[in-house]
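# Topology and contacts: notes
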Amino acid sequence: MEKTFLMVKPDGVQRNLIGEIVSRFERKGFQLVGAKLMQIPTELAQEHYGEHKERPFFGELVDFITSGPVFAMVWQGENVIATARQMMGATNPKDAITGTIRGDFGVIVGKNIIHGSDSPESAEREIGLFFKGEGLVEYKRDVDNWIY
Ligand code: RTP
Ligand code: MG
């Protein structure tokens, strides 16, 4: 089953949006298979955002993503990579439509609440960087069994 790496950025954690964001992906029907609250070391931030290292905002981006704890997650489900990107909304919250996470909660591009892998290659790379093949849990959901 397809997996993606999603992360509530430091602004989302500070604004108490972890629950809101987890809830959206849960209600959509995706399955949480890994999660941790963590402070990203600078080297990991530079590697994670390596594709942007020549961009003028790279320094700011690394400073921001390491400025406080993030909530790193792996979600699983059919087309979860592309669907999560739709649910996040456009990179710049000013272009993100209402109903998306960035559209509902974000204002500026440098503080856009959430990160999500943009392709199967990025998902595999980012899950490897943040979870190193550990901390992922495979489990069946069986609602009736847990209600009664
Ligand atoms: P992300 O990687 O964080 O999920 O965001 P994204 O794919 O939607 O956007 P991307 O192009 O990968 O950019 C990474 C992050 O860099 C910041 N950014 N700042 N100042 C700027 O013009 C600018 N452009 C991008 C954003 O925080 C973006 O999420
Ligand atoms: Mg990106």
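Cut-off values and rules
Residues numbered from 1 in each chain as written. Chains lettered and ligands numbered in written order. Predicted model: local features only at pLDDT ≥ 70, side-chain atom pairs only at ≥ 80, totals over all residues. Heavy atoms only, no water. Near = heavy atom within 4 Å. Polar contact = N/O pair within 3.5 Å; in protein donor to acceptor, adjacent residues only side chain to side chain. Nonpolar A, V, L, I, M, F, W, Y, C, P; charged D, E, K, R; others polar. Phe/Tyr/Trp six-rings, centres within 6.5 Å; stacked < 30°, edge-to-face > 60°. Helix = DSSP H or I, 4+ residues; strand = E, 2+ residues; numbered from the N terminus. Buried < 20%, exposed > 50% of the residue type's maximum accessible area, 1.4 Å probe, protein only. Lys NZ or Arg CZ within 6 Å of the ring centre and 35° of its normal. Pairing = 2+ DSSP bridges. Axes fitted to C-alpha atoms, helices over the stretch in contact; angles between N-to-C directions.

So, on to the site of ligand 1. Close contacts around ligand 1 come from Lys 9, Tyr 49, His 52, Phe 57, Leu 61, Arg 85, Thr 91, Arg 102, Val 109, Asn 112, His 115 and Gly 116, and that covers them all. A distance of 2.8 Å separates an oxygen atom of ligand 1 from a polar side-chain atom of His 52. At 2.5 Å, a side-chain N or O of Thr 91 approaches an oxygen atom of ligand 1. Of the residues that constitute the shell around ligand 1, the class distribution is 4 nonpolar, 5 polar and 3 charged.

A separate point is the packing of aromatic side chains. This model, assessed by the stated rule, comprises 3 aromatic pairs. Their ring planes at 70 degrees and their centres at 6.5 Å tell us that Phe 5 and Phe 131 sit as a pair that is edge-to-face. On the criterion of sequence distance, the pair formed by Phe 5 in strand β1 (residues 3-8) and Phe 131 in helix α7 (residues 120-131) is long-range, its members being 126 residues apart. No difference in accessibility class separates Phe 5 from Phe 131, as the two residues are buried. Where Phe 25 meets Trp 75, the ring centres are 5.7 Å apart and the plane angle is 45 degrees; that geometry is what we call tilted. Of this pair, Phe 25 sits in helix α2 (residues 18-28) while Trp 75 sits in strand β3 (residues 70-76), placing them 50 residues apart in sequence. Taken together, the aromatic side chains of Phe 5, Phe 130 and Phe 131 make up a single cluster linked through ring pairs. It is Lys 36 that lies over the ring of Phe 131; its NZ or CZ is 4.8 Å from the centre.

As a further point, take the sheet that holds strand β4 (residues 114-116). Spatially, β2-β3-β1-β4 is the arrangement adopted by the 4 strands of the open sheet, whose pairing is antiparallel. At either margin of the open sheet sits one strand with a lone partner, and together these are β2 (31-38) and β4. Across this sheet, the average inter-strand angle for adjacent strands is 15 degrees, counted without regard to direction. Inspection of the sheet shows β2 paired to β3 by 7 bridges, in the antiparallel sense.

Such coordinate-based values are descriptive only and should not be taken to indicate function.
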